[in-house]
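# Summary of the model geometry
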Amino acid sequence: MAVKVHPDCRYTKSHEWVRMEGEHAYAGITDYAQTQLSDIVYVELPEPGDSFSQGEIYAVVESVKAASDCYLPVAGEIVEINEELEDTPDLVNQDCYGEGWFVRILVEDPDEVEDLMDAEEYRQFAEEAEEEGAH
Amino acid sequence: MTKQTELYARHVERDARMVEYAGYWLPVQYPTGPKEEHLRVRQAAGLFDIDHMGQVRVSGPDALAFLQRIMTADVSRFRVGRANYSPMCYADGTVVDDTFIYRLPDSYFVAINASNNAKDTRWMKAHHGGLDVTIENVSEETYMLALQGPLSEQILQPICAADLTAMKYHSAVQTTVADVPTFVGRTGYTGEDGFELYFPAEEAVKIWDRLLEIGEPQGLIPCGLAARDSLRLEACMPLYGQEISASRTPLEAGLGWAVALHKEGFIGREALLKAQLEGPTEHLIAFVMADRGVPRHEYAVASDGEVIGEVTSGIYAPTLDAFVGMAYVPADYAEPETEIDILIRDKPRRAKVVKKPFYVPAYRR
């Protein structure tokens with residue numbers, strides 16, 4: 001199966017995406033991640049006002065089979081969480097780069113975003129991960 | 001080495017996600033997803049490859065005497081053509097395994113858990129001393145499929161020689177399915193009406209394909225282990241290794257109805273009599289989360305900041321659209337409506353004890 005990516009996002013090796021909008025960034029998990037997790041039944045999000053460093057655990061995604069940690073792609077302060085996920089966590093399965101976003105972040109250092117993989121690099125990375133998973 | 005079932009290629013063709021379970025590669029889910037698979041079984045029908053399950057044939061003049069010795073239920077009351085549940089216990093009253101026993105005209109057919117297959121067989125063979133009985137593990141040559149859900153009867157009937165409308169829940173019959181000699185039980189592990197089929201392993205592809213050919217236009221889909229687990233948990237059916245184990249008695253697990261304490265001489269009787277007299281100190285309860293979060297196996301149960309028990313199984317329950325689980329707690333906390341906390345990632349999340357089961361099985365309504 002083809003790995004879906006969003007051209008405007010940057011990506012981590014732990015399958016999170018981040019997209020800059022002004023000095024803020026939206027973040028969530030990638031299509032590869034939601035496919036691997038399958039039916040997502042709960043997303044535990046941080047509180048607005050919480051701050052995290054890059055790569056720190058900031059959320060937990062509960063799928064039918066397991067609880068998985070999510071790592072914040074860039075350091076910053078959480079300014080908004082996607083409250084829709086409380087009642088409809090399956091938005092992450094349906095539209096992971098859009099309606100299924102997790103948090104909006106006030107980014108400390110926009111250069112951190114630039115250092116992440118772009119869409120093409122990530123597509124390759126995820127396809128290799130998928131290939132390995134199939135064996 | 002992990003075994004592939006006869007249907008391995010069929011699962012892979014359908015892009016199932018395969019996992020290792022009890023020594024077999026089995027589908028945990030298909031691209032449909034476990035939630036849809038679960039709901040489909042409640043509303044239409046699902047087909048499960050459960051070849052990993054074990055079966056033992058017990059025969060010979062002393063077959064009954066032998067089963068009376070190792071099973072907690074009173075096997076002498078089992079009628080031909082019926083499936084009956086019975087735990088099998090250690091001398092200390094804890095559980096070796098839980099089984100389904102079919103009485104046949106000339107022998108008994110015992111369905112056992114996949115993960116306990118080898119252990120159970122060794123246990124049985126170690127306890128037949130002095131009795132004229134033959135204990136044969138027939139798991140290798142026996143295939144097992146489960147067809148579950150309200151449409152099961154109408155899907156199976158066109159290719160089954162027996163009249164299924166005449167079959168009551170927990171009855172069983174030797175017949176044919178797709179012209180293959182098949183032992184059919186109106187049994188299952190989902191809380192729905194349905195059938196479990198036992199037949200020669202080499203015929204698995206034929207029966208699987210025929211059932212899907214007939215059933216898919218009516219809504220039948222193949223289902224994986226994840227849906228099997230959430231379905232059985234909604235119906236509060238115990239799973240060995242979680243609700244029952246070598247550290248729990250059937251009494252604590254609420255399975256006292258399958259323990260015939262009046263029956264003399266069965267293994268574990270003295271310990272169970274004592275436990276019954278003293279009253280179980282812990283009870284297996286069902287709970288529904290008030291806060292959000294998925295309770296999972298081995299999470300702690302707390303009350304007023306103090307750990308009082310442990311979750312055995314927990315899920316998001318698709319039929320109820322709620323987070324639910326089962327847990328062992330002290331007798332004082334076992335009453336429905338009691339408020340408890342489940343420690344999810346070390347944070348107390350509120351839950352409430354409820355009456356079992358979450359989902360009243362369709363055949364009991």
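No experiment lies behind these values; they were computed from the predicted model shown.

### Concerning the overall build of chain A
- Of the regular secondary structure elements, chain A holds five helices and nine strands.
- Taken from the N to the C terminus, the helices and strands of chain A come in the order β-β-β-α-β-β-β-β-β-α-α-β-α-α.
- Expected size for 135 residues packed as a compact globule is a radius of gyration near 14 Å; at 14 Å, chain A falls within 12% of this value.
- Counting only C-alpha atoms, chain A reaches 40 × 35 × 20 Å along its principal axes.
- Out of the 135 residues in chain A, the part that is buried amounts to 40%.

### Considerations on the environment of V184 of chain B
Residue and element names in this part refer to chain B.
- Locating V184 in the fold gives a position in strand β12 (residues 180-185).
- Using a count of 24 C-beta atoms within 10 Å as the deciding quantity, one classes V184 as buried.
- Separated by 19 residues in the primary sequence, V184 and E203 have C-alpha atoms spaced 15 Å apart.
- Residue contacts for V184: discarding those within four places in its chain leaves C160, A162, A172, V173, T175, V177, F195 and L197.

### A few points about the sheet that holds strand β1 (residues 10-11) of chain A
- Ordered in space as β1-β2-β3-β9-β8-β5 (chain A), the six strands form an open sheet in which the pairing is antiparallel. The sheet terminates laterally at β1 and β5 (51-52) of chain A, the two strands that pair on one side only.

### Topic: the nonpolar core
- Ranked by internal contacts, the top residues of the largest apolar core, which has 137 residues, are A27 of chain A together with V58, L67, L145, L147, L197 and I207 of chain B.
- It is strand β18 (residues 322-330) of chain B that contributes the most residues to this core, six residues altogether.
- Look past the residues within four positions of I207 of chain B in its chain and what remains in contact with it is L145, V177, A178, V180, L197 and F199 of chain B.

### What about the interface of chain A and chain B?
- Each partner contributes to the interface: chain A provides 10 residues, whereas chain B provides 10 residues.
- Among the secondary structure elements, those contributing two or more residues to the side of chain A that touches chain B are β4 (40-44) and β6 (57-63) of chain A.
- Here the side of chain A that touches chain B gets three residues from one element, more than from any other, and that element is β4 of chain A.
- Classifying every residue of the side of chain A that touches chain B by side-chain character gives five nonpolar, one polar and four charged.

### Points about the domain arrangement of chain B
- Along its sequence, chain B is organised into domain 1 (3-53 + 140-234), domain 2 (55-137) and domain 3 (281-364).
- One C-alpha centre belongs to domain 2 of chain B, the other to domain 3 of chain B, and the line joining them spans 32 Å.

Criteria and cut-off values
- Residues numbered from 1 in each chain as written.
- Chains lettered and ligands numbered in written order.
- Predicted model: local features only at pLDDT ≥ 70, side-chain atom pairs only at ≥ 80, totals over all residues.
- Helix = DSSP H or I, 4+ residues; strand = E, 2+ residues; numbered from the N terminus.
- Rg over C-alpha atoms; globule rule 2.2 N^0.38 Å.
- Buried ≥ 20, exposed ≤ 12 C-beta atoms within 10 Å, placed from the backbone.
- Contact = placed C-beta atoms within 7 Å.
- Pairing = 2+ DSSP bridges.
- Core = buried A, V, L, I, M, F, W, Y, C linked by C-beta atoms within 7 Å.
- Nonpolar A, V, L, I, M, F, W, Y, C, P; charged D, E, K, R; others polar.
- Domains from an automatic or database assignment.

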